[in-house]
Every structure is written in C-alpha cells, then in structure tokens.
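Structural features, examined
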Amino acid sequence: MTDSIFDRLRRGASPVELELTEAFAQGRITRRAFVQRGSVIGLSVAFMGSVIAACGSDGKSKTATSSSSTLASTTAASTTAAGTAAAGAIKKGGTLRIAAQKPAGPLDPVAMADLGTYTPVVTAFEYLVDILGAEVKPMLAESWKPNADGSVWTFSLRKGVKWHDGTAFTAADVVATMDRLSASNLKAYIKAGSTKAIDDFTVEITLNNPDGQFPQQVGAYNPQSVITPKDYVLGTTLDKRMTGTGAFKMTKYDPAIGATFEANTDWWGGKPYLDKLEFLFSEDIATQIAGLQGGAADAIVQFSVLGGDALLSDSNMVVETIHGSAHRQIWMNTREGNYTDVKVRQAIALGIDRPALIDTVLKGKGDIGNDHPISPIYPFFDATLPQRKRDVEKAKQLLKDAGKEGLEATMYFPNLQEIPQLAQLVQSQLKDIGMKVTLQQEKNVDGDEWCKVYDSKVEPAGCDGGMDFGIVDYGPRGVPDVYLVKAYATGEWNSAHYISEPFRAAVKKYQSSLDLDGQKAAIKDIQKIANTDVPYAIPYFYNTLFAHTKKVTGIVATGLGHFYCGKAGFTA
C-alpha cells in the first residue's frame, strides 16, 4: 500500500482500526480475516474495499493479491450461513410453507431456549446487527464502533423503522431491551443502566469488561438479544403481543400445529416478494421431510444427514450446507458424582472413536472435534494442539487409576436429529473401555437433565445440580463467545458445572483483545485448558443442512433457527 493512500485511509481512524489495517497491509493476516474482523469493529464496506484495493495495487500484501480483488468475493467466501442464490426472476406473491421443529416452550424472546422457538420469534423480531458466519453487517443498527479498549460501543440506529403496529423504532427501544437483557442473556456483559441514548438514533453501551467481539452478542448468534419495544414486559410472548420490526408479522399461532405470518409492507428492507409464510410444526424430522417431498411444504428449516438421505438424493430438492461451529457436547458433571476426577473424563474422551462417528452419523459432513469448542472455521483456531485419538488401553488404565473400573452410567440425550444415533454409538464405543452405559431419552427436545435448579447462587451461578452424564446440542455461532462464557465460564448453560479460574482468565484475555494476535494467544490457552480438563467431550463439529424445492429462491438461514425470507420467493 503506498504511503499516500495509507495516510488518507488512516486519517480519523481509531487505534483499533489502524492496528487491523496495518496488520492486513503488512501481510500478517489474510484478506478473509481482515474482512471478518473489520466487520465486527464496524469498518465500512467502502473503507475495507479501499484498503484491499490499495494493498493489491502495489503488491505489498500477498494476501491481497491471492484471489479476486473485489470485497464482494471475499465477503461471499467467508460467509458460513447459507442463502439460496437467485436463479432468475422472483415472482411477487404466494405463500411459502416451511416445515419446522415444534417449539418446546413459549415464544418468549428473552427466555426462549430451543430451535423450534427461535424460528417463529426471529421471523418477527430483529437484532441490532445481522450476522452471516463471522461477519457482522447492519440490521437495526447502521454502523457501530468501539472506544480505544473495547469497553464502550456506540451504535448508530437505522431511521424510518416501524414496529408492526406502526410505532416508530427509536433508541428508547434499544435502551429498554438492553436493560431487560442485563439480568439474563447479557448479564455477563452489561448491567442495568449501562446503555444510554445519546439521541433518538444513537446508543452507547458500556460493558462490564472490555470485549472486542461485543457486536456478536447483539446479533443472530445470540438469539435472545432481539430488540423488543420499550414497553415490552418480561414474560410477554410473541403470540400474545404480535409485534416486531421484521419482514413478516405474525397473524396466527397454534403451538401444536404451526404459525402464519403476513408480509410487512412497511419493512425497512423493502416490501417482501411473498405474501405469507406458513410454518408447519412437527417433533418428528421424518414427518417434516415427508411433507417437503410430498408437496405439503416448500422448505425445511433444518435436518440431519441421518434420516435425511431422501432429500440428499432427491433431484427436485436443493440442499444447502452451512459449514460452521455447531457441535454436540457430551457433558460430565465435574462438581459431584462419578466425573469429579479428571482421569475419568479423559478416559471417556479417549474411548470415543471420532472419525467413526463422523463417518456414521454425519456421512462425512463435519469436522473432527478435540474436546474444546473452537471450530476450525475460526481465524484464531490453534491447529498445533495435538488431536486426541482413541486409545482404549490408556482409557482403561485411567479408569483403573481413578478406581472406576466397570463404571456404570446413565447417558441422557434429547431426541434431536442424529443425537439418538450418536448416543447409541458412544454407548457401544465406551463398552470397549469397560463402561456400561444405559441410555435415557429426555422428554424435552432441547435436553435439560443437566440443570435441576435454575438461577442458583452457587458457583458457577445459574444452573445447579443435575444428572452426571449426557449430550446437549450447541448451534453455530460466528464467534465462540457464547460457548466460552455460558457453557464454561458461568453457570447459565454450564452442563458440566465446570469451574476453572485459569479458563475464566483466558476467556477474559480473549474477550479484551481487540487484535487477532491477542485473540490467537488467548484461544491457544483456552483450547489447551479445555482439552486437558475435559468438562465436555466434543467429538465433532457438524454441518447444518436445510432444504427447499427448486422453485424457491432467496432464503437466508443461519443454522440456528433463523429463516430469513424478506428477499425470498418463488421463481418465475
């Protein structure tokens, strides 16, 4: 990058922006990492495009000339959420029928906790930012930026947005939403009163601790952070107050059958092509697939490889793959019971044949796990950590050393996609190390046997008590912060009831890092600690799949229940 161009670009830039720009210009990070990180800290597309063009013009940055020179191609390549590409003109009108998981709980935007509930709620409500993969884009906020250390973030809001009842959306709605979330979903990040309205369309959020990834917490990969009206009362459900700012507004809801939405003609993103969305609920994935193939539905929100073979081989269907960080955690209660000794947990991790699980339950559509939640898709993933491999004899010895030979256990698991088959295979594999595992399917599709007391004050505060051993699902996230904070560092979703001060310190170091080098250093420690302590055995990261008929186009999905149809429709 020539000095004159660089000087022009750096005028008015913050230290955070300058550090990232210089890292890219010097070839220390890839173009993809530059775009991902730049989107998080609020760099505009125009600014990033100028930097990429400047770096490519003089050849200083090898990463800048290694592929197409356009920012658009970089953005498309880095997106891990999936969207159907338009295959021609889109017809106006029509009803899109969508096979979806039946909600396991009420449509409470603040307290929702399962895939089936997410889908209808996020059809109506929106976030401050839009997240596709690791990139952050404008939604209800048009721009954002941190202060020098990432402890304060300022969001400039979109003007002209209306709630479904015609009321204007303003900063007051964001302030009230953040205050509500400060006692629940965002309590690890903010306190009540931390969000202030600078004017009607600008908010300033002061964090409990510096966090270089905070915009990721007010977007799709933290589902409960949807923005609700300023007068929204905690406990209110979408079906009782049918509002939102999204492209479609709810008109009918039956928790046993489905939900209907009609187009929001005043949507800030423009009038949708479709007239209506009709969600068809079912707890049985086979029923959903049969409905799609039989013509009762036009799309399916999510399905697994096992049981979904018919869709994979159906020439009338388009199957979309979201390569991301979604994974299954095999949790072990580290506080009480049979798994307080790390040798027992390590034995179980060594008894699992990961490649066999990927081949059998995922048909190869996934990445091997190494007992930490950092997916290979993340730019700070540390590939130097030795991969744990199956070692039956070592596992047996560890159980003997722990005095747990012939250990008997009950594994709890939800009836969700491939998880029942995963449980059966793990049961069989652990038999080889001398364990006798009994399987127990949970009533709740989201799985809740690991948490018997909610809102406990006992550390890690949140969920207290619960069974010893089981499987829980974690959907994809653009960054691993939700996994690290909620499943490992606090008690909110801490299935293993895991307490590790070194781990918590490493997470804080990662969160406070505003540059990729700092994040890499912290993540290296995080991976090592989790892999050693094994509160969770993580055998694989699975690809998320959704499908639709060939006549449908324009759907954007995150793999976490979001099924954005504002630009979707039927091909002409």
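Residues numbered from 1 in each chain as written. Predicted model: local features only at pLDDT ≥ 70, side-chain atom pairs only at ≥ 80, totals over all residues. Heavy atoms only, no water.

**A few points about the overall build of the protein**
- On a plain count of helices and strands, the protein comes out with 16 helices and 28 strands.
- Its C-alpha atoms give the protein a radius of gyration of 23 Å, near enough to 25 Å, the size a compact globule of 572 residues would have.
- Overall size of the protein, expressed as C-alpha extent along the three principal axes, is 65 × 55 × 50 Å.
- Going through the 572 residues of the protein one by one, you find that 58% of them count as buried. (Helix = DSSP H or I, 4+ residues; strand = E, 2+ residues; numbered from the N terminus. Rg over C-alpha atoms; globule rule 2.2 N^0.38 Å. Buried < 20%, exposed > 50% of the residue type's maximum accessible area, 1.4 Å probe, protein only.)

**Quick word on unusual backbone geometry**
- Its identity as a non-glycine residue notwithstanding, Asp-371 has a phi of 65°, on the positive side.
- Positionally, Asp-371 belongs in the loop between strand E16 (366-368) and helix H12 (392-401).
- Asp-371 gets classed as buried once you look at its relative accessible area, which sits at 0%.
- Of note, Gln-417 is a non-glycine position whose phi angle comes to about 50°, a positive value.
- A relative accessible area of 16% means that Gln-417 is categorised as buried.

**Points about the sheet that holds strand E9 (residues 202-206)**
- What the four strands build is an open sheet, ordered E6-E7-E9-E8; its pairing is antiparallel. Lying at the two open borders of the sheet, with one neighbouring strand each, are strand E6 (141-146) and strand E8 (195-199). Direction aside, neighbouring strands of the sheet carry axes that sit 20° apart on average.
- Bridging between E8 and E9 involves four bridges; their strand directions are antiparallel. Along E9, the bridge assignment pairs Thr-195 with Ile-205.
- Set on the sheet, helix H3 (residues 31-41) makes contact with E6 and strand E7 (152-157); between it and E6 the angle comes to about 95°. (Pairing = 2+ DSSP bridges. Axes fitted to C-alpha atoms, helices over the stretch in contact; angles between N-to-C directions. Contact = heavy atoms within 4.5 Å.)

**A short note on the sheet that holds strand E24 (residues 544-549)**
- Spatial strand order, E10-E11-E12-E3-E13-E24-E14: seven strands in an open sheet with mixed pairing. Pairing within the sheet leaves two strands with one partner each, and these edge strands are strand E10 (248-254) and strand E14 (317-322). Strand-to-strand twist across the sheet, computed as the mean angle between neighbouring axes with direction ignored, equals 20°.
- Bridging between strand E3 (residues 95-101) and strand E13 (residues 299-303) involves two bridges; their strand directions are parallel. By the bridge assignment, Ala-99 is partnered in E13 with Ile-300.
- Each of E3, strand E12 (276-282), E13, E14 and E24 touches helix H8 (residues 285-293); the most contacted strand, E13, lies at about 150° to it.

**Some details on the state of the cysteines**
- Under the definition given, this model contains one disulfide.
- Cys-451 shares a disulfide with Cys-463; S-S distance 2.1 Å. Measuring the twist about the S-S bond at about -90°, one finds the Cys-451-Cys-463 disulfide to be left-handed. One end of the pair, Cys-451, is in the loop between strand E18 (436-441) and strand E19 (453-456); the other, Cys-463, is in strand E20 (residues 462-464), with twelve residues separating them in the sequence.
- Owing to a relative accessible area of 3%, Cys-451 belongs among the buried residues under this scheme.
- The buried category is assigned to Cys-463, whose relative accessible area is 2%. (Disulfide = S-S within 2.5 Å.)

**Description of the pattern of salt bridges**
- Summed over the entire model, instances satisfying the criterion amount to 16 salt bridges.
- Note that Arg-241 is salt-bridged to Asp-231, the shortest N-O span being 3.1 Å. In this pair, Arg-241 is assigned in the loop between E9 and E10 and Asp-231 in the loop between E9 and E10, connecting sequence segments ten residues apart.
- Judged by relative accessible area, which is 24%, Arg-241 ranks as partly exposed.
- Connected via shared salt-bridge partners are Arg-97, Asp-298 and Lys-551. (Salt bridge = Lys/Arg side-chain N within 4 Å of Asp/Glu carboxyl O.)

**A short note on the nonpolar core**
- Counting residues in hydrophobic clusters, the biggest one holds 121 residues, and the most contacted among them are Phe-34, Phe-155 and Cys-565.
- The contact partners of Phe-34, leaving out residues within four places of it in the chain, are Leu-20, Thr-21, Phe-24, Ile-29, Leu-43, Met-48, Val-51 and Ile-52.
- With 37 residues, the next largest nonpolar core counts Ile-330, Leu-430, Ala-537 and Tyr-540 among its residues. (Core = buried A, V, L, I, M, F, W, Y, C linked by side-chain atoms within 4.5 Å.)

**Considerations on the packing of helix H11 (residues 354-361) against helix H13 (residues 419-431)**
- Remark: H11 packs on H13, axes separated minimally by 11 Å, with the N-to-C direction vectors making an angle of 145°. Handedness of the crossing formed by H11 with H13: right-handed. Contacts between H11 and H13 involve Ala-356, Leu-357, Thr-360 and Val-361 from the first element and Gln-421, Leu-422, Leu-425, Val-426 and Gln-429 from the second.
- Across the contact of H11 with H13, the residue classes break down as six nonpolar, three polar and no charged. (Left-handed = near helix turned anticlockwise from the far one by under 90°. Nonpolar A, V, L, I, M, F, W, Y, C, P; charged D, E, K, R; others polar.)

**Points about the packing of helix H15 (residues 501-512) against helix H16 (residues 516-533)**
- Close contact between H15 and H16 brings their axes to 8 Å; oriented N to C, the two are set at 155°. Taken together, the axis directions place H15 and H16 in an arrangement best described as roughly antiparallel. For the crossing formed where H15 meets H16, the hand is left-handed. Along its contact with H15, which presents Pro-502, Phe-503, Ala-506, Val-507, Lys-509 and Tyr-510, the element H16 presents Gln-519, Ala-521, Ala-522, Ile-523, Asp-525, Ile-526, Ile-529 and Ala-530.
- Of the residues in the contact of H15 with H16, the class split is eleven nonpolar, one polar and two charged. (Parallel < 35°, antiparallel > 145°, perpendicular 65-115°, else oblique.)

**Points about the environment of Pro-272**
- Counting through the fold element by element, Pro-272 comes out in the loop between strand E11 (258-263) and E12.
- According to the relative accessible area criterion, Pro-272 is buried, its value standing at 5%.
- Sequence separation between Pro-272 and Phe-248 is 24 residues; the distance between their C-alpha atoms is 8.2 Å.
- Sequence-distant contacts of Pro-272, that is, excluding residues within four places in its chain, are made with Ala-247, Phe-248, Ala-263, Asn-264, Trp-267 and Gly-566.

**Description of the environment of Phe-546**
- Looking at the element boundaries, Phe-546 is found in strand E24.
- Spatially, the C-alpha atoms of Phe-546 and Leu-422 are 20 Å apart, while their sequence positions differ by 124 residues.

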